[in-house]
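Residue-level structural notes
Residues per chain are reported as follows:
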Amino acid sequence: MTLKRQIYFWLASFALFAAFVYLFSPILLPFVAGMALAYLLDPVADRLEAVGLPRLGATIVILVVFVLAFVVVLLLLLPVLGNQLASFLQAFPGLVSSLQELITTGFGSRVFELLGIGGQDLKANVGSLLGEGAGWIGGLLKSVWNGGQALLSVISLFVVTPVVAFYLLLDWDRMVTRIDGWLPRQHQDTVRRLAREMDRAVAGFVRGQVSVCFLLGAFYAVGLAAVGLNFGLLIGIGAGLVSFIPYVGATLGLVVSLGVALVQFWPDWPMVAVVLAIFAVGQFLEGNILQPKLVGNNVGLHPVWLMFALFAFGYLFGFVGMLIAVPAAAMIGVLTRFALSQYMASTLYTGEGTLMASGVPGDPGEVSAAPEHVEGGNG
């Protein structure tokens, strides 16, 4: 198979995969979630196998423990989080109005002096800004909710995902061996090396970042609830979960927490400072302890590239696209680095073939070698 035919083959394969995801995205959520769950739990199954437990027994033990732990956490947190979410949505317009009033009256005089803006103009601008922010958050929540309902109901997700995860986890090693047998023999070593790099990037980020999100969510939730912040548990867990996107979770959590703290505690500014300190400590822990220990520095996913991938795949394929965005971004990153290394090792980058063929003056050794090659070829 020539290089040109290989390029066409892989481009056609990618186009078919993208079309498949686009067409069947309404039903793919439990299957993608089950595959992700099996991928995350496969190392645990391998360790249980290493101590003598058969694969079937290891799979059953892992999924039973995981499902029980998930159900227990859900039963403990869901009522509290559900009540806080309902109360937050109900109180949100009042919070926005109170925050607007606080900014225009409490900080208005200083802003007037610095900017020379009238009180009514400032109030209108602040109200417009807060209204747009509230509308954006509401639209985002609505799109996520509607997207989730369009993809699959929650009940079917909880029923199908464990079944898919069970069968994939049970057959994971056999599937990998089977796929390895399909590799073209000529490029087997190269494909295996790229696959190992992709696995290292995906596993390093996903498994590590999931741990970081849970730990940060627990820290923010406990800290905000301990200081008595309204909706602290909801905001903390939400900030931790959204921390899957670098810097976004902490920023959103800080903005929402600060707004609630100003309305609730002002003019008791030390309490507002405590809320700020919680997020400062959380960012210190994330950047200096959690990320280096759990994720590492060799994942190869730049935060800007990750955010672009999440938005792009979410726009193209909906919620399913957001689930596959991280592994897809890691794979694209590995393939891009491989393509760049191939390019930099070729004459397209070095220009050696072009210089010799065109006779452009360059290195003396190259210029003198060109005529000998030509004479030998003609002789």
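Note that the structure is predicted; figures quoted are calculated from it, not measured. (Residues numbered from 1 in each chain as written. Predicted model: local features only at pLDDT ≥ 70, side-chain atom pairs only at ≥ 80, totals over all residues. Heavy atoms only, no water.)

**Looking at the confidence of the model for the protein**
Counted only if it meets this: pLDDT measures how confident the predictor is about each residue, on a scale from 0 to 100. Helix numbering and strand numbering both begin at the N terminus, where a helix is a DSSP run of H or I of at least 4 residues and a strand a DSSP run of E of at least 2. Should any heavy atoms of two residues lie within 4.5 Å, those residues are counted as being in contact.
Confidence in the prediction of the protein, expressed as mean pLDDT, is 76, and 75% of residues score 70 or more. Helix 14 (residues 364–378) is the least confidently modelled element of the protein, averaging 42 in pLDDT, while helix 6 (residues 172–181) averages 87, the highest of any element. Contacts of residues 147–152 to residues separated by more than four positions or lying in other chains number 10 contacts, the stretch itself having pLDDT below 50. A low-confidence stretch, residues 354–379 stays under pLDDT 50, and its non-local contacts, those more than four residues away or across chains, total eight contacts.

**Side note on the nonpolar core**
Inclusion rule: Side-chain atoms within 4.5 Å are what join buried Ala, Val, Leu, Ile, Met, Phe, Trp, Tyr and Cys residues into a set we call a nonpolar core. Relative accessibility decides the category of a residue: with a 1.4 Å probe and only protein chains considered, values under 20% of the type maximum give buried, values over 50% give exposed, and everything between is partly exposed.
One finds Leu41, Leu169, Leu310, Phe313 and Val326 to be the most contacted residues of the largest nonpolar core, which totals 34 residues. In contact with Leu310, other than residues within four places in its own chain, are Ile245, Met322, Ala325 and Val326. Counting 23 residues, the second largest nonpolar core, distinct from the first, contains Leu229, Ile235, Val260 and Ile278.

**Some points on the pattern of salt bridges**
When charged atoms on two side chains of opposite charge get close, those side chains can pair. Threshold: The term salt bridge refers to a side-chain nitrogen of Lys or Arg lying within 4 Å of a carboxyl oxygen of Asp or Glu.
In this structure the tally under the stated criterion is seven salt bridges. For Arg55, the salt bridge is made with Asp42, and the minimal N-O distance between the two is 2.8 Å. In this pair, Arg55 is assigned in helix 2 (residues 55–106) and Asp42 in helix 1 (residues 3–50), connecting sequence segments 13 residues apart. By the burial criterion, Arg55 is buried, and Asp42 matches it. It is possible to trace a salt-bridge network through shared partners that takes in Asp42, Asp46, Glu49, Arg55 and Asp173.

**Observations concerning the packing of helix 7 (residues 188–226) against helix 8 (residues 232–242)**
The condition that has to hold: Inter-axis angles, ranging from 0 to 180 degrees, are taken between N-to-C directions of lines fitted to C-alpha atoms, where helices are fitted over the stretch in contact. For this classification, under 35 degrees means roughly parallel, over 145 means roughly antiparallel, 65 to 115 means roughly perpendicular, and everything else is oblique. In this scheme the handedness of a crossing depends on how the near helix is turned from the far one: anticlockwise by less than a right angle means left-handed, clockwise means right-handed. Side-chain classes follow a simple rule in which Ala, Val, Leu, Ile, Met, Phe, Trp, Tyr, Cys and Pro form the nonpolar group, Asp, Glu, Lys and Arg form the charged group, and the remainder, Gly included, forms the polar group.
As a packed pair, helix 7 and helix 8 sit with axes 7 Å apart at the nearest point and diverge in direction by 160 degrees. Considering the angle they form, helix 7 stands roughly antiparallel to helix 8. Helix 7 and helix 8 meet at a crossing whose hand is right-handed. Of helix 8, the residues touching helix 7 (which contributes Cys213, Leu216, Gly217, Tyr220, Ala221, Leu224 and Ala225) are Gly232, Leu233, Ile235, Gly236, Ile237, Ala239, Gly240 and Leu241. Grouping the constituent residues of the contact of helix 7 with helix 8 by class yields 11 nonpolar, four polar and no charged.

**Notes on the packing of helix 8 against helix 9 (residues 248–265)**
Two elements in contact, helix 8 and helix 9, have axes separated by 7 Å at closest approach and are oriented at 160 degrees. The angle between the axes of helix 8 and helix 9 places the two elements in the roughly antiparallel class. The chirality of how helix 8 crosses helix 9 is right-handed. Listed contacts from helix 9 to Ile235, Ala239 and Val242 of helix 8 are Val248, Gly249, Leu252, Gly253, Val256, Ser257 and Val260. By residue class, the composition of the contact of helix 8 with helix 9 is seven nonpolar, three polar and no charged.

**Remarks on the packing of aromatic side chains**
For any pair of aromatic rings, geometry is given as the distance between the ring centres together with the angle between the planes. Note the cut-off: Working definition: rings of Phe, Tyr and Trp (its six-membered ring) pair if their centres are within 6.5 Å, and the pair is stacked with planes under 30 degrees apart, edge-to-face with planes over 60 apart, and tilted otherwise.
As enumerated under the stated definition, the model contains nine aromatic pairs in all. Note on Phe20 and Phe24: the rings are 5.0 Å apart at their centroids and 40 degrees apart in plane angle, and the pair reads as tilted. Taken as a pair, Phe20 and Phe24 lie in helix 1 at a separation of four residues, close to a single helical turn. Aromatic ring contacts, followed pair by pair, group Phe219, Tyr220 and Phe279 into a single cluster.

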